[in-house]
Amino acid sequence: MSDLIIRIGGEGGEGIISAGDMVAQAAARSGLNVLTFKTFPAEIRGGYAMYQIRFSKDEIKSEGTGFNVFCAFNQEALDKNKSQLIPGTVLVYDYPGGDIEEEVKIEGVTCYAIPMSKIAKKDLDMYRAKNMVALGLLSYVFDIALESLKDTIREKFGKKGQAVVDTNMKAIEAGINYFKEHYKKTDPFTMGHTDKVDKDIILISGNEAVGLGALIAGCNFLSCYPITPATEVAIYLAGELPKVDGTLVQAEDEIASLANVLGASYAGAKAMTSTSGPGLSLMQELLGLASMAEIPCVVVNVQRGGPSTGLPTKHEQSDLFMAVHGGHGDAPRVVLSAENVADAVDLTVLAFNIAEKYQIPVLLLTDGSLGFRTESIKRPDPKKYTIVNRERFKPGGDEKYLRYKLTESGVSAMSIPGEVGGAYISTGLEHSQSSAPSFTPEDHIKMSDKRFKKMEGIADFVPPPEEQGSGPADVGVISWGSTLGTVREAVDMARAEGLKVKALHPKLVWPLQEKQIKAFAASCKKILIPEVNKQGQFAEILRGKTGIDGISYPIYGGLPFTPKQILEKIKEVSK
Ligand code: COA
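Keep in mind that this is a model prediction, so the values were computed, not measured.

Visitor: Could you clarify how one ought to interpret the sheet that holds strand 19 (residues 524-531) in this entry?
Guide: Backbone-to-backbone hydrogen bonds pair the strands of a sheet. The strands run either parallel or antiparallel. Ordered in space as 15-17-16-19-20, the 5 strands form an open sheet in which the pairing is mixed. Each edge of the open sheet carries a strand with a single partner, namely strand 15 (466-468) and strand 20 (551-554). Strand-to-strand, the axes of this sheet are offset by a mean angle of 25°, without reference to chain direction. As defined by bridge partners, strand 15 adjoins strand 17 (residues 501-505) across 3 bridges and the pair is classed as antiparallel. Paired with Gln 468 across the two strands is Ala 503, which belongs to strand 17. Most of the contacts of helix 18 (residues 537-546) go to strand 19, to which it runs at about 140°, and overall it touches strand 16 (473-478), strand 19 and strand 20. Of the strands in this sheet, strand 16, strand 17, strand 19 and strand 20 are in contact with helix 19 (residues 563-574), which crosses strand 19 at around 150°.

Visitor: Whenever I open this one, the nonpolar core confuses me. Can you help?
Guide: As a rule of thumb, soluble globular proteins bury nonpolar side chains together. Met 272 and Ile 354 are the most contacted members of the largest nonpolar core, which has 93 residues in total. With residues up to four places along the chain from it excluded, the contact list for Ile 354 reads Val 334, Leu 336, Gln 359, Ile 360, Val 362, Ile 458, Phe 461 and Val 462. Of all hydrophobic cores here, the second largest spans 55 residues; its members include Phe 40, Val 69, Val 164 and Phe 179.

Visitor: Help me understand the pairing of strand 17, please; the structure alone is not making it clear to me.
Guide: Each regular strand displays side chains that alternate between the two surfaces of the sheet. Of all 5 residues making up strand 17, 5 are buried, and the element is well covered by its neighbours. Of the two faces of strand 17, both are covered, the one formed by Val 501, Ala 503 and His 505 as well as the one formed by Lys 502 and Leu 504. Pairing of strand 16 with strand 17 involves 4 bridges; the strand directions are parallel. Bridge pairing in strand 17 links Ile 478 to Leu 504.

Visitor: What am I meant to see in the packing of helix 7 (residues 206-217) against helix 8 (residues 231-240) here?
Guide: Describing two packed helices takes the angle between their axes plus the distance from one axis to the other. Direction vectors running N to C along helix 7 and helix 8 enclose 45°, while the axes themselves pass 7 Å from each other. Comparing their axes, helix 8 and helix 7 come out oblique. Between helix 7 and helix 8 the crossing geometry is right-handed. Contacts between helix 7 and helix 8 involve Asn 207, Glu 208, Val 210, Gly 211, Leu 212, Ala 214 and Leu 215 on the former and, on the latter, Glu 232, Val 233, Tyr 236, Leu 237 and Glu 240. A per-class count over the contact of helix 7 with helix 8 returns 7 nonpolar, 2 polar and 3 charged.

Visitor: Would you mind showing me how to read helix 11 (residues 284-293) here?
Guide: Within an α-helix, residues lying three or four positions from one another point in the same direction, as the helix has 3.6 residues per turn. Buried residues dominate helix 11, accounting for 8 of its 10 residues. Restricting attention to buried positions, one finds in helix 11 the residues Gln 284, Leu 286, Leu 287, Gly 288, Ala 290, Ser 291, Met 292 and Ala 293. Of the surrounding elements, those touching the buried residues of helix 11 are helix 9 (254-266), helix 10 (277-282), strand 11 (297-303), helix 12 (320-325), strand 13 (361-367) and helix 15 (441-461). Glu 294 lies just past helix 11 and shows a positive phi near 55°.

Quick notes on the rules
- Residues numbered from 1 in each chain as written.
- Predicted model: local features only at pLDDT ≥ 70, side-chain atom pairs only at ≥ 80, totals over all residues.
- Heavy atoms only, no water.
- Pairing = 2+ DSSP bridges.
- Helix = DSSP H or I, 4+ residues; strand = E, 2+ residues; numbered from the N terminus.
- Axes fitted to C-alpha atoms, helices over the stretch in contact; angles between N-to-C directions.
- Contact = heavy atoms within 4.5 Å.
- Core = buried A, V, L, I, M, F, W, Y, C linked by side-chain atoms within 4.5 Å.
- Buried < 20%, exposed > 50% of the residue type's maximum accessible area, 1.4 Å probe, protein only.
- Parallel < 35°, antiparallel > 145°, perpendicular 65-115°, else oblique.
- Left-handed = near helix turned anticlockwise from the far one by under 90°.
- Nonpolar A, V, L, I, M, F, W, Y, C, P; charged D, E, K, R; others polar.

Printed below as a string of structure tokens:
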């Protein structure tokens, strides 16, 4: 087996997330590629929580479709996943003595019942260790590196005391022994190991990747307000920024967060904020200020289900309209969207580079599934990145400093407060080249044109979108954000079946790289645009800006696409 998907489901508070994290970590340490997906309720306790780990010796592009092995901690988890327990899959479940009251028998499904609750409660006197009983069994049956698993237990629970670590170790052994005493392995699945473990492979989440990218770019200021699913960006940087003499300010709300960022950037810092949908709504007025005053800033928006408090822990790609068009006035901004964890590092660096080079607000869109997901990636080498810094005012020249000087590119040199000869007025008011407030038609036209001039350079500054497949195609898929990985896998599957399909993977979603997008569309009979929102927001933007009348394929159930869903749609469309 080169590709295995294990899903664990149960109640929030039962340690599903810890168990999943540990399996992922053990797999990554065994040299396998890992990509995880988790979804959990908005409550701290209760509700359905799920963690899925996909491992492979080959590259992994998406969460995959369904699972090979499902481990059910309770009846609700079993009920929710029953339809996917198809012949050939394996069910591990808590029975007897737990929440599941009946023995499960499904035609073609290998079922391993293990009384994890009972063992944890009665034998170990620690109900919390139920997840480790399950992990013990999983590690034995599917050959998950036991020593790595034990290491992660020490690392994760060490701070809770030696007694907790010891009980968890006993729980692992209890799970293994129960299987040995009651079953013979009859399923074909095994996680396996690779011969060579690459020490340069790290397992990080999408949110941590954003933080890492920010550090590589030279970010030295973060201000934000905690919000699911974005908080982890700040948690990561809270540990890292002090090491580079950076500053993190937890503000009283999102408005203050972006205000802090603009102040810091105005004073010369490389500054960023991280938030999710409702927070981005609050930031809209200040994004206008950033456009008007031409202050570089990066805003990371980890999208979640909306509107309002909506589905705070669920996946959606529905903030594109707001990212592109939100706010007042004619305010240019740039919107990037990341495909996967490695991309989140690269695009955060790119976001800073664009913000600095063009003195413009740059929004980086990720989403709940990407933010929470962990992936094994090659450790990014900071030396391999080109870092761009803003054009600075040069003191001592003969000419009077014009902060908003009209230039070919629309970009003009920026001074730092206190620089002799570099004083200027920075407000949200329209201004002349010198920065003095001005409301004349001439200045408003000239300055609006200056600000938008920058957008022309950006489409060329960003690398062109990658094309998957070449030549004429019956169906061309264009998507964005983390859906891209799923599209990649679906298109590979479709091409393997002989379908004439290709895909375009844009990372810059505003302004659009129109030239490349139009050329791609011209080589396809039909364009399919899958995305996770109700309105088909990217399809709408593409239609408006390029005239491409693609087939919108929106889904909005709080979950990402599976490759199979997109493959089926490609087949339907290519008929
Ligand atoms: N031994 C000891 N402790 C264990 C354990 C074990 N075997 N297994 C788990 N635990 C601990 C974990 O360390 C964690 O403790 P901590 O809080 O001190 O870190 C706790 O039990 C919960 O376990 P965990 O695996 O992290 O999560 P879970 O799968 O039980 O699910 C969540 C809990 C994630 C669903 C829930 O806590 C949560 O965060 N919900 C989302 C809240 C939110 O963001 N709402 C939106 C607001 S807008």
